[in-house]
Amino acid sequence: MEQIFARRSVLANTIEKLTRRVKKTKHGFIDIRNTADEVVTSETVEESIRLARRLYASEMHQARVLATFILGRLAAKSDKSLGYLRMRVSKDKDWRVQETLAKAFDRYCTDIGYKQALPMIREWLADSNPNVRRAVTEGLRIWTNKPYFSDHPEAAVRFLSHLKDDDSEYVRRSVGNALRDISRKHRKIVKAELQKWDTSRKSVRQTYQLASRFQR
């Protein structure tokens, strides 16, 4: 029993120190990301997950951002971490947490390998939660600067184009901007895809206008 109380005390002290540290960050993510790296390299996977979950319970967005970074660093090693990101973090209402979720998913893809991540990319893009879909469309930008997609730009365009008529304008904007990014180096591929679109639908037309910026 004493050992349990001791562990809980250590955990509480660690949470307090981490929360106090990241609270100082008012803008940007670098300091919080570095803190997450320190946690993951100094703790076991299970202990890091435990810390992340406790941090995520905080009302302070910096603590939840830190938790999201930690879980992203562990996602390739732990299904628990990836599942927590998808099922819990994706429902957070703070935009900074959602930006970090996108970074966390990209970290997962980096660690596992983008080709190996293709099934999970497909799965997240088909999720009913727009924040999950956007975590992929936004997190992988610039798509064709990433391994696998740099050699298969048509695959990136195909993935993104499936969401051209997404129910969420939030997602469509990310899709349009991502296709615009790709068109800088792969103009013909993007142009060929855009020519297939039926822009009579307002939602598709909005995505098209963003994606075709460098086609004009």
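This text follows the structure it describes.
Residues numbered from 1 in each chain as written. Predicted model: local features only at pLDDT ≥ 70, side-chain atom pairs only at ≥ 80, totals over all residues. Heavy atoms only, no water.

K.L.:
Quick question: what am I supposed to make of unusual backbone geometry here?
P.N.:
Glycine aside, negative phi is the norm for most residues, and most peptide bonds take the trans geometry. That bond from Arg141 to Ile142 is cis: its omega, -5 degrees, falls within 30 degrees of zero. When you line up the elements, Ile142 lands in the loop between helix 8 (130–139) and helix 9 (153–161). Backbone geometry at Tyr148 places phi at a positive 75 degrees, although glycine is not the residue there. (Helix = DSSP H or I, 4+ residues; strand = E, 2+ residues; numbered from the N terminus.)

K.L.:
Can you walk me through the pattern of salt bridges in this structure?
P.N.:
Between side chains of opposite charge, a pair can form as their charged atoms come close. Summed over all chains, the structure comprises 19 salt bridges. Notably, a salt bridge pairs Glu123 with Arg86, separated by 2.5 Å at the nearest N-O pair. Placement of Glu123 in helix 7 (residues 118–125) and of Arg86 in helix 5 (residues 79–87) is noted, with a sequence separation of 37 residues between them. Glu123 sits in the partly exposed class, given a relative accessible area of 39%. (Salt bridge = Lys/Arg side-chain N within 4 Å of Asp/Glu carboxyl O. Buried < 20%, exposed > 50% of the residue type's maximum accessible area, 1.4 Å probe, protein only.)

K.L.:
Explain the packing of aromatic side chains to me, please; I cannot follow it from the model alone.
P.N.:
Aromatic ring pairs are described here by two measures, namely the spacing of the ring centres and the angle between the planes. A complete count under the given rule lists 9 aromatic pairs for this structure. Ring geometry for Phe105 versus Trp124: centroids 4.4 Å apart, planes at 35 degrees, classification tilted. Of this pair, Phe105 sits in helix 6 (residues 95–112) while Trp124 sits in helix 7, and the two are 19 residues apart along the sequence. The exposure classification of Phe105 matches that of Trp124, with both residues buried. Between Phe149 and Phe159, the ring centres sit 6.1 Å apart and the planes meet at 80 degrees, which makes this aromatic pair edge-to-face. Note that Phe149 is positioned in the loop between helix 8 and helix 9 and Phe159 in helix 9, a separation of 10 residues in sequence. Ring pairs connect the aromatic residues Trp143, Tyr148, Phe149 and Phe159, which therefore count as one cluster. (Phe/Tyr/Trp six-rings, centres within 6.5 Å; stacked < 30°, edge-to-face > 60°.)

K.L.:
Please explain helix 6 as it appears in this structure.
P.N.:
Given 3.6 residues per helical turn, the α-helix brings residues three or four places apart onto the same face. Under the 1.5 Å per step criterion, the end-to-end length of helix 6 is 26 Å for 18 residues, consistent within 8% with the ideal 26 Å. Burial in helix 6 covers these residues: Val97, Gln98, Thr100, Leu101, Ala102, Ala104, Phe105, Asp106, Tyr108 and Cys109. Where helix 6 is buried, its residues contact helix 3 (45–56), helix 4 (61–74), helix 5, helix 7, helix 8 and helix 10 (169–183). Of the residues flanking the start of helix 6, the one acting as N-cap is Asp94, its side-chain oxygen 2.8 Å from the backbone nitrogen of Arg96. (Expected span 1.5 Å × (residues − 1). Contact = heavy atoms within 4.5 Å. Polar contact = N/O pair within 3.5 Å; in protein donor to acceptor, adjacent residues only side chain to side chain.)

K.L.:
I keep staring at the environment of Ser90 and nothing clicks. Help me out?
P.N.:
When you line up the elements, Ser90 lands in the loop between helix 5 and helix 6. When neighbours within four sequence positions are excluded, Ser90 is seen to be in contact with Leu85, Gln98, Leu101, Asn129, Asn131 and Val132.

K.L.:
Is there a simple way to explain helix 9 in this structure?
P.N.:
Of all 9 residues in helix 9, 7 are buried, a share of seventy percent or more. When helix 9 is considered as a whole, its buried residues turn out to be Pro153, Ala155, Ala156, Val157, Phe159, Leu160 and Ser161. Where the residues of helix 9 are buried, they touch helix 7, helix 8, helix 10 and helix 11 (187–194).

K.L.:
What exactly am I supposed to notice about the side chain of Arg86 here?
P.N.:
Exposure remark for Arg86: the relative accessible area of 18% places this residue in the buried category. Those residues in contact with Arg86 that lie beyond four places of it in its chain are Glu123, Trp124, Asp127 and Val132.

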